Amino acid sequence: AQTVTQSQPEMSVQEAETVTLSCTYDTSESNYYLFWYKQPPSRQMILVIRQEAYKQQNATENRFSVNFQKAAKSFSLKISDSQLGDTAMYFCAFMKPFTSGTYKYIFGTGTRLKVLA
Amino acid sequence: DAGVTQSPTHLIKTRGQQVTLRCSPKSGHDTVSWYQQALGQGPQFIFQYYEEEERQRGNFPDRFSGHQFPNYSSELNVNALLLGDSALYLCASSYTTGNPEAFFGQGTRLTVV
């Protein structure tokens, strides 16, 4: 069974600094997707960044980038130039494909990030 | 585009009661999935609906059931509520094929007392 592990329950970072959130996963699948979602107090899950397993190049989205190490099954998120609005719960998620062609997400337990002014 | 909308936003029920939560998917999406997020935890997959049928199910008891309507909207029903059913219930919609990314609603906070 697939599992997703986030070993940092809480982290804090000074505004404008860089922070890295860790995620490891376990799967026997060869084709899958990985995601980082942000969940602010409003509760809405917001997609931060996505990585296709077949792509060797690490995904980037503005201030957000990932370090995807497929062999090590590691998928860390780097946030550069941290902003107060980045304060939220961050969830790492593995997307498991079904044979029907649909998918489900398997989430980690989350990392609570606080950006300090 | 309204995105994924869920109702109600908050709900308080008594043990043993039944509850129905509702979800309207993002425009164009035909697949709806439901997740349960207990306090301090990541969301757990409950089940997924496509073409008005339950296609996949997570490790949840039969007290959890659902429905999908012809307009792709969906309901989650929970019978014989337990205190442990208190959680945030998230609905996610997506396309069946192609872009696998799901869009989430703001959730329904269910409190069982």
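Everything below is about the structure printed above this text.
Quick look at the structure, then. None of these values were measured; they are calculated from a predicted model.

Moving on, we come to the overall build of chain B. Regarding its fold elements, chain B presents zero helices and 11 strands. Reading the helices (α) and strands (β) of chain B from amino to carboxyl end gives β-β-β-β-β-β-β-β-β-β-β. The C-alpha radius of gyration of chain B comes to 13 Å, within 12% of the 13 Å expected for a compact globule of 113 residues. Dimensions of chain B, computed from the C-alpha atoms along their principal axes, are close to 40 × 25 × 25 Å. By residue count, 51% of the 113 residues in chain B fall in the buried class.

What follows is about the sheet that holds strand β7 (residues 64-68) of chain B. The pairing of strands in a sheet happens through backbone hydrogen bonds and is either parallel or antiparallel. All names here are of chain B. Pairing is antiparallel across the open sheet formed by four strands, whose spatial order is β1-β3-β8-β7. Either end of the sheet is taken by a strand with one partner, and the two such strands are β1 (5-7) and β7. Between one strand and the next, the sheet's axes are offset by a mean angle of 20 degrees, whatever the strand orientation.

Taken as a whole and judged by the stated rule, the model has nine salt bridges over all chains. Of the charged contacts, one joins Glu-101 of chain B and Arg-50 of chain A as a salt bridge, the two residues approaching to 4.0 Å between their closest N and O atoms. With Glu-101 of chain B in the loop between β9 (87-94) and β10 (103-104) and Arg-50 of chain A in strand β6 (residues 46-52), this pair bridges two chains. Given the relative accessible area of 24%, Arg-50 of chain A is considered partly exposed. The partner of Arg-22 of chain B in a salt bridge is Glu-75 of chain B, and the shortest N-O contact between them spans 3.4 Å. Here Glu-75 of chain B lies in strand β8 (residues 74-78) and Arg-22 of chain B lies in strand β3 (residues 19-24), a separation of 53 residues in the sequence. Relative accessible area serves as the criterion here: at 42%, Arg-22 of chain B is assigned to the partly exposed category.

The rules behind these values
- Residues numbered from 1 in each chain as written.
- Chains lettered and ligands numbered in written order.
- Predicted model: local features only at pLDDT ≥ 70, side-chain atom pairs only at ≥ 80, totals over all residues.
- Heavy atoms only, no water.
- Helix = DSSP H or I, 4+ residues; strand = E, 2+ residues; numbered from the N terminus.
- Rg over C-alpha atoms; globule rule 2.2 N^0.38 Å.
- Buried < 20%, exposed > 50% of the residue type's maximum accessible area, 1.4 Å probe, protein only.
- Pairing = 2+ DSSP bridges.
- Axes fitted to C-alpha atoms, helices over the stretch in contact; angles between N-to-C directions.
- Salt bridge = Lys/Arg side-chain N within 4 Å of Asp/Glu carboxyl O.

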